[in-house]
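Reading the structure
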Amino acid sequence: MASKKVLGLTAATAALVMGLTACGNGGGDNGGDGGDNGAAEEFNFGILYPQTGALAFLGPPQISAAKYAIDEINAAGGILGTEVPAITEGDEAGDSAQANEAANSLVSSGVNAVIGAAASGMTQASYDTITSAETVQCSGSNTAPDLTNIDDGGYYFRTAPSDLLSGPVLARQMVEEDGHVDIAIIARADDYGDGYLGAVEAEVEALGASVTTTETYDPDSTNFDSVVNSVTSEDPDAIALISFQEGAQVIAELIEAGVEGDQLYITDGLNDPELGKTVNEDDPDVINGITGVAPGADNPEFNEGLREFDPELEVFQFSPQVFDCVTAIALAAESAGSVEASDYVEHLPEISRPEGTECSSFEECRDLLEQDEAIDFQGTSGNIDFDDNGDPTSATFQVFHFGEEGHETLGFQEYSVNE
């Protein structure tokens, strides 16, 4: 199957025309010269993230990370020598119609790239509006496998790993690390839940353990009795719960049915330090023992810098990946010598390829590009290496846990598509 990361006729034509006037690198490497045309134009970022809705707790780290990246870019002189203005914000709100309306607003405002959406489902609802306008979209938190093959004309990227990478890490934690052999899986009945469930189930069985049962549920449901009864009747020694905030109610019902915290494993949608209060405000310690896996970054220096940038920030989930989206796009624009998405989009995979010189900050990578060197951008979230579909081919995962001291990190696991 041909790669979807091939520019459509319109984009390719635009790139050819712009190439006659803009100062790109011209020779196929990823060293741009930052010519006068590019330097005269501002690069405007838009962001589509959850200001409201069930995933609003993921909003602060996304917007703070994007602003932090822009601050670092501006401290290094801006994109193509021009300061990046304040980011334009749109609320996805956990609602498909509102997400698409916000996407329309961002595109209409003339942004050069959109960061987000945060939720995979909100990207499914809005990507066509963004990418059909030949605007680059990069999400730091989309994990649904189905997004790999969307018809985006080559304009959609993500720095968060697909659930096809996340699922095996969760399965290995349950089977190899914690010794469980009979595992039940509960998941949302949507793109996120279906893809993640399939990845976990396949890896559990490949490791020689058994999947006792799988159950999916309507994310809008308010009663999970049938799901809980079906799972607990199989008497599994571990249960994987693939959900967003509604999963707090599922956890409450599972615990009420006699499931212990150390039997429960959760995913990034529930990686919230305040989860215990959501499950049981009167007894938040009821979730003690729960372990989870989420895309993360073994990068204390980044966390310290972001904390200094935004001292009030409490949740850091997906912040490194969002930071990397902004920085990667900025470097692609530098490589192309243009702020036009039709020019710089094909440079996005190039700036992360292993053949280049490794670099880890906008300033360091930009300086190498100015010396006509090919670069291999090493993100704050880890090595990205975009494939031809705009997906990262390797990722770092945080193993988190709820214990007597509350939310804590047990460690980090690396996983690659080559494993």
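Thresholds applied
Residues numbered from 1 in each chain as written. Predicted model: local features only at pLDDT ≥ 70, side-chain atom pairs only at ≥ 80, totals over all residues. Heavy atoms only, no water. Helix = DSSP H or I, 4+ residues; strand = E, 2+ residues; numbered from the N terminus. Rg over C-alpha atoms; globule rule 2.2 N^0.38 Å. Buried < 20%, exposed > 50% of the residue type's maximum accessible area, 1.4 Å probe, protein only. Contact = heavy atoms within 4.5 Å. Areas by Shrake-Rupley, 256 points an atom, 1.4 Å probe, with all protein chains shown as cover. Lys, Arg positive; Asp, Glu negative; His and termini not counted. Charge placed at Lys NZ, Arg CZ, Asp CG, Glu CD. Pairing = 2+ DSSP bridges. Axes fitted to C-alpha atoms, helices over the stretch in contact; angles between N-to-C directions. Disulfide = S-S within 2.5 Å. Phe/Tyr/Trp six-rings, centres within 6.5 Å; stacked < 30°, edge-to-face > 60°. Right-handed = clockwise from strand over helix to strand, strands pointing away. Parallel < 35°, antiparallel > 145°, perpendicular 65-115°, else oblique. Left-handed = near helix turned anticlockwise from the far one by under 90°. Nonpolar A, V, L, I, M, F, W, Y, C, P; charged D, E, K, R; others polar. Polar contact = N/O pair within 3.5 Å; in protein donor to acceptor, adjacent residues only side chain to side chain.

1. Digging into the overall build of the protein chain
When helices and strands are counted, the protein chain shows 15 helices and 15 strands. Relative to the 2.2 N^0.38 estimate, which gives 22 Å for 419 residues, the radius of gyration of the protein chain is 21 Å and therefore close to what a compact globule would have. The principal-axis extent of the C-alpha atoms belonging to the protein chain is close to 70 × 45 × 40 Å. When the 419 residues of the protein chain are sorted by exposure, 58% land in the buried category. Summarising the internal contacts of the protein chain: among those between residues at least 6 apart in sequence, 69% fall at separations of at least 24. If you sum the accessible surface of the protein chain, you get close to 16200 Å²; carbon and sulfur atoms cover 42% of it. Of the side chains in the protein chain, 10 bear a positive and 79 a negative charge, and the two mean positions are spaced by 3 Å.

2. Brief notes about the sheet that holds strand S7 (residues 210–217)
Reading across from one edge, S7-S6-S8-S9-S10-S14-S15 is the order of the seven strands in this open sheet, with mixed pairing throughout. Looking along the sheet, the strands with just one partner apiece sit at the ends: S7 and strand S15 (406–416). In this sheet, neighbouring strand axes are inclined to one another by 20° on average, regardless of whether the strands run parallel or antiparallel. As judged from the three bridges shared by strand S8 (residues 238–242) and strand S9 (residues 264–266), these two strands associate in the parallel manner.

3. Digging into the state of the cysteines
As used in these notes, a disulfide is a covalent bond between sulfur atoms, one from each of two cysteines. By the definition in use, this model includes two disulfides. Each disulfide pairs two cysteine sulfurs, and for Cys138 the partner residue is Cys325, the sulfurs being separated by 2.1 Å. Judged by the sign of its S-S torsion, about -75°, the bond between Cys138 and Cys325 is left-handed. Within this pair, whereas Cys138 is found in strand S4 (residues 136–139), its partner Cys325 is found in helix H12 (residues 319–336), the two being separated by 187 residues in sequence. No difference in accessibility class separates Cys138 from Cys325, as the two residues are buried. A sulfur-sulfur separation of 2.1 Å characterises the disulfide bridge that pairs Cys359 with Cys365. Residues Cys359 and Cys365 are joined by a disulfide whose S-S torsion is about 110°; by sign, that bridge is right-handed. For the pair Cys359 and Cys365, one class covers both residues: buried. Once the bonded cysteines of the protein chain are numbered in order along the sequence, the disulfide links fall as 1-2, 3-4.

4. Quick look at the packing of aromatic side chains
What the rule picks out here adds up to eleven aromatic pairs. Plain terms: the ring middles of Tyr217 and Phe224 are 5.2 Å apart, the flat faces sit at 85° to each other, and that makes the pair edge-to-face. A residue is classified by how much of its surface remains accessible, and Tyr217, at 4% relative accessible area, is buried. The class of Phe224 is buried, set by a relative accessible area of 1%. An angle of 70° between the planes, with centres 5.2 Å apart, marks the rings of Phe302 and Phe323 as edge-to-face. Residue Phe302 is located in helix H11 (residues 300–309), and its partner Phe323 is located in helix H12; the two are separated by 21 residues in the primary sequence. Owing to a relative accessible area of 5%, Phe302 belongs among the buried residues under this scheme. On the basis of relative accessible area, Phe323 is assigned to the buried category, the value being 10%. Counting every residue linked through ring pairs, the aromatic cluster contains Tyr68, Phe302, Phe309 and Phe323.

5. A short note on the pairing of strand S12 (residues 375–379)
Counting buried residues along S12, five of its five residues qualify, which places the element largely inside the surrounding structure. On S12, burial covers both faces: Ile375, Phe377 and Gly379 on one face and Asp376 and Gln378 on the other are all buried. Pairing of strand S11 (residues 357–359) with S12, which is carried by three bridges, proceeds in the parallel orientation. Within S12, the position partnered with Cys359 by the bridge is Phe377. For the segment spanning S11, helix H15 (residues 362–370) and S12, crossover handedness is right-handed. Where S12 lies against strand S13 (residues 382–383), two bridges are found, and the strand directions are antiparallel. Looking at S13, one finds that Gly379 is bridged to Gly382. Remark: two residues form the turn of the hairpin made by S12 and S13, two consecutive strands paired antiparallel.

6. Here's the deal with the packing of helix H6 (residues 163–177) against helix H7 (residues 191–206)
The axes of two packed helices give the description: the angle between them and the distance between them. Between H6 and H7, the least distance of the axes is 8 Å, while the angle of their chain directions is 45°. Of the possible angle classes, the one that applies to H6 and H7 is oblique. Judged by the twist between their axes, the crossing of H6 over H7 is right-handed. Across from Asp163, Leu164, Ser166, Gly167, Pro168, Leu170, Ala171, Arg172, Met174 and Val175 in H6, the residues of H7 making contact are Tyr192, Gly195, Tyr196, Ala199, Val200, Glu203 and Val204. Per-class residue counts for the contact of H6 with H7 are eleven nonpolar, three polar and three charged.

7. Focus: the packing of helix H8 (residues 225–232) against helix H9 (residues 247–256)
Running from N to C, H8 and H9 cross one another at 50°; their axes reach a closest spacing of 10 Å. If you check the angle between H8 and H9, you find them oblique. Both H8 and H9 take part in a crossing whose hand is right-handed. Of the residues in H9, those in contact with Asp225, Val228 and Thr232 of H8 are Val250, Glu253 and Leu254. Looking at the contact of H8 with H9 residue by residue, the classes come out as three nonpolar, one polar and two charged.

8. A short note on the environment of Thr380
Here Thr380 shows up in the loop between S12 and S13. Leaving out residues up to four positions away in the same chain, Thr380 has contacts with Ala297, Asn299, Phe302, Pro320, Phe323 and Asp324. A polar contact of 3.1 Å, which involves the side chain of Thr380, links it to the backbone oxygen of Pro320.

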